[in-house]
Amino acid sequence: MNPTAGRNVLFVVMDTVRKDHLSVYGYDRPTTPGLEAFASEAAVYEGAVAQAPWTLPVHASLFTGLYPSQHGASQENPYLEGATTLAETLSDTHRTACYSSNAWITPYTHLTDGFDDQDNFFEVMPGEFLSGPIARAWKAMNDSPTLRRVADWMVSVGNRIHEYTASGEGADSKTPQVVDRSQEFIADAAADGEHWFQFVNLMDAHLPYHPPEEHREEFAPGVDSTTVCQNSKEYNSGARDIDDDEWDDIRGLYDAEIRHIDSELTRLFDWLQAEGHWEDTLVVVCADHGELFGEHGLYGHEFGIYDPLVNVPCMVKHPDLEPGRYDEQFELLDLYHTVLDHAGVDSAAGDGVDLDPSRSLLDDSHGDREQGEYAFVEYSRPVVELKQLEGKAVDAGITLDEESRFYSRMRAARRTDGKYIRNERIADEFYRVDEDPDESDDRRGEGDPVEREVEAALVDFEERVADEWDGDWSTDEGDGELDEMSDTAKERLQDLGYME
C-alpha cells in the first residue's frame, strides 16, 4: 500500500474541450476511448458550469473558490492577487506541482502562486522568463494607464509570434512532456512519503490545431491543417468566411487533438495504476471552457457565454463517489471545495470564500444546497481578443460596431431548465435550455415564468457577489510603479525594446 495514499490529488484540465465532442458523453466519433474506460469507475457529470468562457478567470475560480468578480482576474486586470490559492492552502500538507503550456497559467498572472514546482514548457518564453522581475514588470505595466498601452502592444507582438511559431506542423504538443514531468513529480513525492497535489492543463484542443499524424489521419484524413482557418478573429471580424466543408475539416482536426489528449491521459492513468498511486487518489478531469464552431456566428471562445462554452465535461474518481452518470447542475468552482475536502484541509479564512462544506462533490448533501439550483457565469470585456479582432477588421476594411457583443461584458444565471444572459451593450437573452439546448430561440420577454425566476436569481447574485458594471481596469494615474521595479526588470524590458 502506498504510504502517501488517501489524500493525493490529480487535477486535469483539458483546455478548450467541448463536452459534446467527447465519445464518453455520447459523441459519435471515438475521441475518448480512454475516458470511456475511466468512466467505469468515475462520476460523470452532465451539469458542470464554468464561471467564465476562458482560461484565466476559470482557473482563478478553481484555485480560490471565488467568482470572477470576487477574485478580479480578467483581461482588464490580467492577474490574480489578494486571494489565497489552492496550492498555498495545501502547502503545509502536500507537495504541489503545476505543469501546463497555457500562457495564462504562469507566474506573471500569479496563478502558479503556492506551487512547489511549475513549468509551462514554452520554447519562446520559458517559465523562468515569466517569473520574478518580468512578472513584477508586467504587473506594473498593466496597473498604469500610461504603460498599459505598452503592455497591450507586447501582447499584440506576442500573439503575432504565437501565430507564426504555431502556424505549422512543427508546433509540437507539449502534452507528452507534461505527462512525463507529472510522473517524475509524483514518483519523487511518493518516494519521500509526501502527499501530493498535481495540477495539469493540456492545451492540444486550443487553436491552432496541428494534431499528430496518426490522429489526424483517423479524424481528418487528407486535411492540411495549414490551409484551414486557424484564426478565429478573421472569421469573427467578418474578414473571412468559412463554408460547411471547411467547418467539417476544422472539427476533424479538433477531434484529432482531443484524441491525442485522451491517449496521453490513458498513459498517465495506466502508469498511476501500475505504480500503486491510483486507488485512493482523487482524480478530477474537466474542461475550463469549450469552443464555438460557427454557432451564434462565432468561432473560438470569445464574445459569448453560450452552453458549448460553459457547460463543460467533468469526471471525478473518488472512493466515496459511486460511478455513474449524474444530471445535477453545479458550478466548476465546487471542485475547489472538493479537493480540500478530500485533502482534509480547511480553506483559508478571510478570502471571501463560501465555506459551505456542501459545495464539495464528496458531501452527501451537495445536490441539495439552497443555492445549488443556479450556476453563474461572468465575462469581462475581452481586451486582448478585441485588439486582435479590431486589427483583422482594419486590415479587411471593416468597421466594427461598438454597440455589439464584441465590446460587451456579460453575465448569466443558469439552471437546468432556463438561462438568462445579461449583456452590457446588446439586448439580454433568455433560453429554455431544457427545450432548446442549442440556444437557438431567444424567448426573452415572452412571459415565461422560468425567465422571471432565473433573471431574479441573477439580480440576487449581482447584489450578493458581483461588482458594478462600470469599473475601469486603469487603476492608477501615474508611472510610479517603475520606481518600485528592480534594475534587472528595467534592463530586461530595455533589452526587449519595451522601455527607453
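Refer to the structure above for everything that follows.
Residues numbered from 1 in each chain as written. Predicted model: local features only at pLDDT ≥ 70, side-chain atom pairs only at ≥ 80, totals over all residues. Heavy atoms only, no water.

A. Seen up close, the pattern of salt bridges. One pass over the structure, following the stated rule, counts 39 salt bridges. Its salt-bridge partner being Asp 460, residue Arg 464 comes within 2.9 Å of it at the nearest N-O pair. With Arg 464 and Asp 460 both in helix α14 (residues 449-464) and four residues apart, the pair spans about one turn of that helix. Residue class for Arg 464 comes out partly exposed when judged on its relative accessible area of 43%. (Salt bridge = Lys/Arg side-chain N within 4 Å of Asp/Glu carboxyl O. Helix = DSSP H or I, 4+ residues; strand = E, 2+ residues; numbered from the N terminus. Buried < 20%, exposed > 50% of the residue type's maximum accessible area, 1.4 Å probe, protein only.)

B. Spotlight on the pairing of strand β5 (residues 195-202). Taken across its eight residues, β5 has seven buried, putting it largely inside the fold. Both strand β1 (residues 9-14) and β5 contribute to a ladder of six bridges, which runs parallel. Along β5, the bridge assignment pairs Val 9 with Phe 197. Note: strand β3 (residues 94-100) against β5, seven bridges, orientation parallel. (Pairing = 2+ DSSP bridges.)

C. Local environment of the nonpolar core. In terms of nonpolar packing, the biggest core is built from 120 residues, with Phe 11, Phe 269, Tyr 299 and Leu 335 touching the most fellow members. Considering each element in turn, this core owes the most residues, 11 residues, to helix α10 (residues 244-274). Within the second largest apolar cluster, 14 residues are counted, among which are Ala 413, Tyr 420, Val 454 and Ala 466. (Core = buried A, V, L, I, M, F, W, Y, C linked by side-chain atoms within 4.5 Å.)

D. Here's a closer look at the sheet that holds strand β13 (residues 419-423). Here four strands make up an open sheet; going across it, the order is β11-β12-β13-β14 and the pairing antiparallel. At either end of the open sheet lies a strand with only one pairing partner, and these are β11 (375-379) and β14 (429-431). Strand-to-strand twist of the sheet, defined as the mean angle between neighbouring strand axes without regard to direction, takes the value 10 degrees. For β11 and strand β12 (residues 410-414), the ladder comprises five bridges, and the chain directions are antiparallel. For Ala 375, the partnering residue across the bridge sits in β12 and is Arg 414. In this fold α14 packs onto β11, β12, β13 and β14, with an angle of close to 55 degrees to the strand it touches most, β13. (Axes fitted to C-alpha atoms, helices over the stretch in contact; angles between N-to-C directions. Contact = heavy atoms within 4.5 Å.)

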